[in-house]
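Tertiary structure, described
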Amino acid sequence: MKFNVKIHATDAEIIGSIVSEENKCVDNAAFYIYRDGEYIDQQWYSEENSIKYAHHGIEGIYRIQGFVKDENGEIFQKLSGETPVFGDVISLSEFSEKVSKAQKPMPLHVSAGEYNFHCLYAPHPSSSIFVLLTAAVDRDKMPPPYFNRWGWKEQFPGKVFCISDPTLCLDPTISIGWYLGNQEHDATADMADLVKVLAGSVGVSEGNVITYGSSAGGFAAIMLGTYLDDAISVAINPQTDILKFSQQHVDKLLSTCFELTSFDERRFKERTNIAERLKIKSTRIILAQNVLDSHHWVNHYLPLAEQIDLPMAVSGFSKNKNYYSIIYRDSNGHAPETPEVFDELLGKIKSLLLKGV
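Quick caveat: nothing in here was measured; it's all calculated off a predicted structure. (Residues numbered from 1 in each chain as written. Predicted model: local features only at pLDDT ≥ 70, side-chain atom pairs only at ≥ 80, totals over all residues. Heavy atoms only, no water.)

Quick word on the pattern of salt bridges
If you walk through the whole model with that rule in mind, you get nine salt bridges. Between Lys153 and Glu82 there is a salt bridge, and its shortest N-O distance comes to 2.9 Å. Of this pair, Lys153 sits in the loop between β11 (129-133) and β12 (159-163) while Glu82 is found in the loop between β7 (75-79) and β8 (83-85), placing the two residues 71 residues apart along the sequence. A relative accessible area of 9% places Lys153 in the buried class. One salt bridge in this structure joins Lys279 and Glu276, with 3.2 Å as the shortest N-O distance. Its relative accessible area of 61% is what places Lys279 among the exposed residues. Each of Glu82, Lys153 and Glu154 takes part in salt bridges that share partners, so that together they form one network. (Salt bridge = Lys/Arg side-chain N within 4 Å of Asp/Glu carboxyl O. Helix = DSSP H or I, 4+ residues; strand = E, 2+ residues; numbered from the N terminus. Buried < 20%, exposed > 50% of the residue type's maximum accessible area, 1.4 Å probe, protein only.)

Comments concerning the nonpolar core
Counting residues in each nonpolar core, the largest one holds 34 residues, and the members touching the most others are Trp178, Ile274 and Tyr301. The greatest single-element share of this core, amounting to five residues, is contributed by helix α7 (residues 294-308). Ignoring sequence-local partners within four residues, the contact set of Tyr301 consists of Leu287, Gln289, His296, Leu310, Pro311, Met312, Ser325 and Ile327. The next biggest cluster of nonpolar side chains, apart from the first, holds 32 residues, and it includes Met106, Leu133, Ala192 and Leu198. (Core = buried A, V, L, I, M, F, W, Y, C linked by side-chain atoms within 4.5 Å. Contact = heavy atoms within 4.5 Å.)

Here we look at the layout of surface pockets
The space that makes up the largest pocket amounts to roughly 910 Å³. Lining the largest pocket are 28 residues, and of these Glu82, Thr83, Pro84, Met142 and Pro145 lie nearest its centre. Looking at the lining of the largest pocket residue by residue, the class counts come to 14 nonpolar, nine polar and five charged. The residue makeup of the lining of the second largest pocket, split by class, is five nonpolar, two polar and five charged. (1 Å grid on protein atoms, 1.4 Å probe; cavity = no way out; pocket = protein on both sides within 12 Å on 5 of 7 lines; lining within 4 Å. Points joined across faces, edges and corners; volume = space filled by probe spheres on them. Nonpolar A, V, L, I, M, F, W, Y, C, P; charged D, E, K, R; others polar.)

Observations concerning the packing of aromatic side chains
Scanning the model with the defined rule gives 17 aromatic pairs in all. Look at Tyr32 and Tyr34: their rings are 6.5 Å apart centre to centre, the planes differ by 70°, and that puts the pair in the edge-to-face class. Its relative accessible area of 26% is what places Tyr32 among the partly exposed residues. The exposure class of Tyr34 is buried, given its relative accessible area of 19%. The interplanar angle of 65° and the centroid separation of 4.9 Å between the aromatic rings of Tyr32 and Phe67 together place this pair among those described as edge-to-face. Placement of the pair is Tyr32 in strand β3 (residues 29-35) and Phe67 in strand β6 (residues 60-69), with a sequence separation of 35 residues. Here a set of aromatic residues connected by ring pairs shows up, and it is made of Phe130, Trp152, Phe156, Tyr212 and Phe342. Against the face of Tyr45 rests Lys69, its NZ or CZ located 4.4 Å from the ring centre. The positively charged end of Arg149 is found above the aromatic ring belonging to Trp152, 5.2 Å away from the centroid. (Phe/Tyr/Trp six-rings, centres within 6.5 Å; stacked < 30°, edge-to-face > 60°. Lys NZ or Arg CZ within 6 Å of the ring centre and 35° of its normal.)

Focus: the pairing of β3
Both faces of the sheet carry side chains from a regular strand, because those side chains alternate between them. For β3, the buried fraction is high: six of the seven residues fall into the buried class. One ladder, built from seven bridges, connects β3 with β6; its direction is antiparallel. Directly across from Ala29, in β6, lies its bridge partner Val68. (Pairing = 2+ DSSP bridges.)

Encoded structure:
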């Protein structure tokens, strides 16, 4: 029997359900509940194909294991993904103490500058940190926080630090925030302070920090990298000039977060345009671009490539060797990187870390 186990957390409960992939009725199901990898409760076989568990605000990363017994008595089982429950907001000093002692993945809710950041951290013996950032989200499916690629954490050869975009908490109708924050306070700058504290607490140099994201998360990855000392920024099909993205999303951000009806590009260009930011502070960049993502290829990659001397249509280094492009073709268009591109990205990251260029 093919089925999926879904899980999400509310302020009070962990909610899980079993959904058949074959449109079959699931009428004999059981559940185990785990927190931080340890069994904590169960619901025995019944006609219920869902479960609700009161977590009482106990911080941790929760999973549900679902069991289905078919008409022949054969038992099938499957694990859900992970969902975090966050505790109280902690200071940067408390954050530093927690991550320095971490031995397993943990959720963290940290105050840094003007923003509270929801984060997930997974320790690793490597001397590198992968900071994973969030792209656009579907607000109808679930509320924030949002974490992209956390399910890939075992595939990254280093410590993993996922950070949800606090801009998405400023208004319930925003679906993309680019980690801009608001008019007065740049959330990316505050996020950089958070990453610097993490790196210092776990003994990693900023040159071994890899900021990583796609689309809006790719934009944020490059911007974040410019606040760190010699970091590597990986961006997949990113927006490079926010004002060239969907007018609907830009207008929503301006009106709700910046409280503007029109945009003074000169005032905010270093926060909204990667090429302008790179004139002030650079970062090592690996930019993966799908040529079949036509909007981002024409409006975002090609203008940036021209300005920073990247090859226009093939993979390769810029003239100053600080930037590298991976050009590929994927019929899915504006989508996350393919497995092949992911492997190529990891190979290039390893090469840059070893060479120290």
